[in-house]
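Overview (structure and organization)
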Amino acid sequence: MLNFPNHEQLTARIIFQSHDQYRVIFADRRIQQATLAGRMQFTGTMPLIGDFVSGQPYDRDKFLITHLLPRQTYLTRAADQQEQGLAANVTTVFITMSANTDFSVNRLERYLTLVWNSGAAPVIVLTKADVEPELLEQRQTEVTAAAFGVPLITTTNTVPAAIKKAFAPFLTAKTTAIFIGSSGVGKSTLLNILAATQLQTIKSIRSGDDKGRHTTTTRNLYYLPNGAAVIDSPGLRGVGVTGSTNTSTAQSFPDIVTLARQCRFKDCQHEAEPNCAVQAAIKRGELSQQRLANYKRLLRETEYTTLTSRQINAAKIKRMVGNKKNLRHRPKR
Ligand SMILES: Nc1nc2c(ncn2[C@@H]2O[C@H](COP(=O)(O)OP(=O)(O)O)[C@@H](O)[C@H]2O)c(=O)[nH]1
Ligand SMILES: [Mg+2]
Ligand SMILES: [Zn+2]
C-alpha cells in the first residue's frame, strides 16, 4: 500500500490534470478518471498534481473529488505576473541541467529560489556527463560554488546502475519528487531508468543539435516500485520566481547575506558605498561580480512579482533615481 494520509473518506492522489479532467491513484495503486464535485469548482483552490483528495465512487468507474486535503508543500513559478502552481506535496525537487549547452548557473540560482519558496528540498542533477572531463569538472565546480551544501548528482544515461544507486537515498516511500529543467536535458530518460520501464517517450536527438525534442507535454505523477512518487514535467520555459519572500533569495545566497551584515550602511546597495563588505569580498576574490549581479536581479524579481505593472514601473523609476542618491545613507547606529 502507498503512503497516504488517513481520512474518513476514500483518499486518492492526483496523478494527472488537464483543465477539469483528473486522473487519481489510490493507496492500492488502482488508477481512475476523476472529476470535481460541483461545490469544489467554486472554492478557489483547485486540486493540482500531487494533491491528496477525498471523495467517492461515481458513474460506475469514475471518482468524484469532494475535498482537497491540506498541502504540505506547494511548488509555484511566476508566469506573466501570475502565480502558476506546478505541483503539491513535493518533498524533493531534482533541478536538472545538462553538462553541455543547456548549462546555466544563472538559471540554477532561479530554480533554487523557486524550490526554497516551496518548502521542498533541492537536489541538483547534472546530466549528460559524457562531455570532456575538463568541462564536466568545471561545471561541477560552478554548481558547487552557486549551491553550496545542496546535493549534486552527476549522470550519464549509458550507466543506469550508477543512476539508480545515486538516486536511491533521495527516493524512499515517503518521497514525492519532481524533475524540473529545460526540455531535452534528459528528465524523462532518468525517470524511465529509475522506474526500470518505459513511462514517457523520449525523442531521439536530431542530427546537428543536442537539444533533443521535447515530448513530455503534460505533467504526470508515477509511483516507483518502492513507493516513491516521481513527477515528470515538460520543460519550463520561463523560470519566474514567485512567493514575494526575499528570505528565499537570501537562502540561495547565504554568503552575500552574511557579508552584507558587515556593511557600514544598513541599506547598502553594495555598489560604491564606503566600507561595503560585499565589494571588499569581491576585491579579495572571494565573491564573483557575477554572483552579486545574480543576487540583485533575483531580489528585484521577487520584489516585482508581488506588484502590479504600474507599481513595477514606479519601482524601476525609483531605483534609477535612487541609484544617483547613494550619498543619503543612514548609518546603522
Ligand atoms: N549524450 C547524452 N544524451 C542523453 C543523456 N540522457 C539523455 N540523453 C538524450 O537527450 C535527449 C532528451 O532526453 P529526454 O529524456 O527526452 O529529455 P527531457 O525533455 O528532459 O525529458 C534524448 O535524445 C536522450 O537520449 C546522457 O546522459 N547523455
Ligand atoms: Mg521529457
Ligand atoms: Zn555593501
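Residues numbered from 1 in each chain as written. Chains lettered and ligands numbered in written order. Predicted model: local features only at pLDDT ≥ 70, side-chain atom pairs only at ≥ 80, totals over all residues. Heavy atoms only, no water.

The protein is annotated in an unreviewed UniProt entry as Small ribosomal subunit biogenesis GTPase RsgA from Loigolactobacillus binensis. Turning to the protein, the UniProt annotation filed under Subunit (unreviewed entry) states: "Monomer. Associates with 30S ribosomal subunit, binds 16S rRNA." Looking at the Sequence similarities (unreviewed entry) heading of the UniProt record, one finds this comment for the protein: "Belongs to the TRAFAC class YlqF/YawG GTPase family. RsgA subfamily." (UniProt positions renumbered as here; feature names shortened; annotations may be inferred.)

1. Here we look at the overall build of the protein
The number of helices and strands found in the protein is 9 helices and 13 strands. Counting all 333 residues of the protein, 48% fall into the buried class. In the protein, of all internal contacts separated by at least 6 residues, the share reaching a separation of at least 24 is 64%. For the protein, the accessible surface area stands at approximately 17,500 Å², while carbon and sulfur atoms represent 52% of it. (Helix = DSSP H or I, 4+ residues; strand = E, 2+ residues; numbered from the N terminus. Buried < 20%, exposed > 50% of the residue type's maximum accessible area, 1.4 Å probe, protein only. Contact = heavy atoms within 4.5 Å. Areas by Shrake-Rupley, 256 points an atom, 1.4 Å probe, with all protein chains shown as cover.)

2. A few points about the packing of helix H1 (residues 105-118) against helix H2 (residues 133-146)
Contact geometry of H1 with H2 gives a least axis separation of 10 Å together with a crossing angle of 35 degrees. In this structure, the crossing between H1 and H2 has a hand that is right-handed. From H1, Val105, Leu108, Glu109 and Leu112 reach across to H2, where they touch Glu142, Val143 and Ala146. Class assignment of the residues belonging to the contact of H1 with H2 gives a composition of 5 nonpolar, no polar and 2 charged. (Axes fitted to C-alpha atoms, helices over the stretch in contact; angles between N-to-C directions. Left-handed = near helix turned anticlockwise from the far one by under 90°. Nonpolar A, V, L, I, M, F, W, Y, C, P; charged D, E, K, R; others polar.)

3. Considerations on the packing of aromatic side chains
For the structure shown, the criterion picks out 7 aromatic pairs. When the centroid spacing of 6.0 Å and the interplanar angle of 45 degrees are considered together, the rings of phenylalanine 167 and phenylalanine 179 count as tilted. Of this pair, phenylalanine 167 sits in helix H3 (residues 160-167) while phenylalanine 179 is found in strand S11 (residues 176-180), placing the two residues 12 residues apart along the sequence. The pair phenylalanine 167 / phenylalanine 179 is uniform in exposure class, with both members buried. Three or more aromatic residues joined by ring pairs make a cluster, and in this case those are Phe4, Phe52 and Tyr223. Across from the ring centre of phenylalanine 16, 4.5 Å away, lies the NZ or CZ of arginine 23, which sits over that ring. Between the NZ or CZ atom of arginine 30 and the centre of the ring of phenylalanine 26, over which it lies, the distance is 4.6 Å. (Phe/Tyr/Trp six-rings, centres within 6.5 Å; stacked < 30°, edge-to-face > 60°. Lys NZ or Arg CZ within 6 Å of the ring centre and 35° of its normal.)

4. Quick look at the side chain of threonine 35
Within the secondary structure, threonine 35 sits in strand S3 (residues 31-36). The exposure class assigned to threonine 35 is buried, which follows from its relative accessible area of 12%. When neighbours within four sequence positions are excluded, threonine 35 is seen to be in contact with Asp20, Gln21, Tyr58, Lys62, Phe63, Leu64 and Ile65.

5. Section: the pairing of strand S2 (residues 21-26)
As a general feature of sheets, a regular strand has side chains that alternate between the two faces. Across 6 bridges, the pairing between strand S1 (residues 10-18) and S2 is antiparallel. Opposite serine 18, over in S2, you have glutamine 21 as the bridge partner. Between the antiparallel neighbours S1 and S2 lie 2 residues, among them histidine 19 with a positive phi of about 55 degrees. Of the strand pairs in this sheet, S2 and S3 are connected by 4 bridges, and their pairing is antiparallel. Within S3, the position partnered with tyrosine 22 by the bridge is alanine 34. Connecting the antiparallel pair S2 and S3 is a turn made up of 4 residues, with arginine 29 showing a positive phi of about 75 degrees. (Pairing = 2+ DSSP bridges.)

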